[in-house]
Amino acid sequence: MTRATATARVPTAPGRPAQAQHVVAALFVDFGDDRGNDRRPPRARYECVRCGYRSEIVTGPAAVAAFTATARDTHRTVCPALQENHQ
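Predicted model only: the values in this text are computed from it and were never measured.

Novice: Honestly, the nonpolar core in this entry has me stumped. Any pointers?
Specialist: Side chains that are nonpolar tend, in soluble globular proteins, to be buried together. If you look at the biggest cluster of nonpolar residues, it comprises ten residues: Ala44, Tyr46, Cys48, Val58, Val64, Phe67, Ala71, Cys79, Ala81 and Leu82. Of all the secondary structure elements, the ones that give two or more residues to this core are strand 4 (43-48), helix 1 (61-76) and helix 2 (80-85). Residues in contact with Ala44, not counting those within four places in the same chain, are Phe28, Val29, Glu56, Ile57, Val58, Val64, Phe67 and Thr68.

If you want it as C-alpha coordinates, here you go:
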(Lines give C-alpha, C1' and ligand atoms only; values in the text may rest on other atoms or scores of the structure.)
Protein backbone atom coordinates (compact mmCIF):
# COMPACT_ATOMS: atom_id res chain seq x y z
CA MET A 1 0.00 0.00 0.00
CA THR A 2 1.35 3.40 -0.90
CA ARG A 3 0.78 6.48 1.18
CA ALA A 4 0.60 9.91 -0.36
CA THR A 5 0.68 13.24 1.41
CA ALA A 6 -1.69 15.80 -0.04
CA THR A 7 -0.51 19.39 -0.14
CA ALA A 8 -2.72 22.39 -0.69
CA ARG A 9 -1.98 26.08 -0.82
CA VAL A 10 -4.19 27.93 1.63
CA PRO A 11 -4.20 31.74 1.81
CA THR A 12 -3.35 33.10 5.26
CA ALA A 13 -4.62 36.67 4.92
CA PRO A 14 -5.15 39.22 2.16
CA GLY A 15 -1.78 40.39 0.85
CA ARG A 16 0.18 37.51 2.42
CA PRO A 17 1.57 34.55 0.49
CA ALA A 18 -0.18 31.19 0.74
CA GLN A 19 1.24 28.55 3.07
CA ALA A 20 1.45 24.84 2.33
CA GLN A 21 -0.92 22.66 4.33
CA HIS A 22 -0.26 18.92 4.72
CA VAL A 23 -2.67 16.14 5.59
CA VAL A 24 -1.48 14.51 8.81
CA ALA A 25 -4.54 12.46 9.77
CA ALA A 26 -7.82 11.24 8.33
CA LEU A 27 -11.16 10.26 9.79
CA PHE A 28 -13.14 7.92 7.53
CA VAL A 29 -16.90 7.70 8.14
CA ASP A 30 -19.40 5.55 6.24
CA PHE A 31 -22.92 6.57 7.26
CA GLY A 32 -24.31 3.17 6.33
CA ASP A 33 -27.33 2.16 4.34
CA ASP A 34 -30.63 0.87 5.68
CA ARG A 35 -32.52 0.56 2.38
CA GLY A 36 -33.97 -2.84 1.57
CA ASN A 37 -32.39 -6.13 2.65
CA ASP A 38 -28.79 -4.94 2.22
CA ARG A 39 -28.64 -3.13 5.54
CA ARG A 40 -25.17 -1.79 6.39
CA PRO A 41 -24.59 -0.03 9.74
CA PRO A 42 -22.55 3.18 10.07
CA ARG A 43 -18.81 2.65 10.58
CA ALA A 44 -15.69 4.76 11.11
CA ARG A 45 -11.91 4.52 11.48
CA TYR A 46 -9.02 6.93 12.07
CA GLU A 47 -5.55 7.03 10.50
CA CYS A 48 -2.51 9.06 11.52
CA VAL A 49 -0.07 9.74 8.68
CA ARG A 50 2.61 10.93 11.13
CA CYS A 51 3.10 7.58 12.86
CA GLY A 52 1.19 5.15 10.62
CA TYR A 53 -1.46 4.35 13.25
CA ARG A 54 -4.70 2.87 11.94
CA SER A 55 -7.61 2.32 14.32
CA GLU A 56 -9.95 -0.62 14.37
CA ILE A 57 -13.22 -0.11 12.48
CA VAL A 58 -16.00 1.03 14.82
CA THR A 59 -19.57 0.09 13.83
CA GLY A 60 -23.03 1.13 14.96
CA PRO A 61 -24.64 4.58 15.26
CA ALA A 62 -23.80 5.23 18.94
CA ALA A 63 -20.25 3.85 18.69
CA VAL A 64 -19.50 5.89 15.55
CA ALA A 65 -20.84 9.09 17.14
CA ALA A 66 -18.70 8.64 20.25
CA PHE A 67 -15.62 7.62 18.22
CA THR A 68 -15.76 10.57 15.81
CA ALA A 69 -16.11 13.00 18.72
CA THR A 70 -12.89 11.84 20.39
CA ALA A 71 -10.67 9.92 17.92
CA ARG A 72 -8.29 12.74 17.01
CA ASP A 73 -7.77 14.08 20.53
CA THR A 74 -7.39 10.58 21.99
CA HIS A 75 -4.71 9.65 19.47
CA ARG A 76 -2.85 12.95 19.88
CA THR A 77 -2.13 12.13 23.52
CA VAL A 78 -0.33 8.88 22.59
CA CYS A 79 1.05 9.56 19.08
CA PRO A 80 4.75 8.61 19.09
CA ALA A 81 5.50 11.08 16.27
CA LEU A 82 4.13 13.96 18.33
CA GLN A 83 5.95 12.76 21.45
CA GLU A 84 9.29 12.65 19.58
CA ASN A 85 8.79 16.13 18.12
CA HIS A 86 7.55 17.59 21.43
CA GLN A 87 4.58 19.24 19.73
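Novice: Looking at this structure, how should I read the sheet that holds strand 5 (residues 58-59)?
Specialist: Hydrogen bonds between backbone atoms are what pair the strands of a sheet, whose relative direction is either parallel or antiparallel. Reading across the sheet, the three strands line up as 3-4-5 and stay open at both edges, with antiparallel pairing between neighbours. At either end of the open sheet lies a strand with only one pairing partner, and these are strand 3 (25-30) and strand 5. Summarising the sheet, strand 4 and strand 5 pair through two bridges and their orientation is antiparallel. Pairing of Ala44 across the sheet is with Val58, part of strand 5. Most of the contacts of helix 1 go to strand 4, to which it runs at about 10°, and overall it touches strand 3, strand 4 and strand 5.

Reading the values: the criteria
- Residues numbered from 1 in each chain as written.
- Predicted model: local features only at pLDDT ≥ 70, side-chain atom pairs only at ≥ 80, totals over all residues.
- Heavy atoms only, no water.
- Core = buried A, V, L, I, M, F, W, Y, C linked by side-chain atoms within 4.5 Å.
- Buried < 20%, exposed > 50% of the residue type's maximum accessible area, 1.4 Å probe, protein only.
- Helix = DSSP H or I, 4+ residues; strand = E, 2+ residues; numbered from the N terminus.
- Contact = heavy atoms within 4.5 Å.
- Pairing = 2+ DSSP bridges.
- Axes fitted to C-alpha atoms, helices over the stretch in contact; angles between N-to-C directions.

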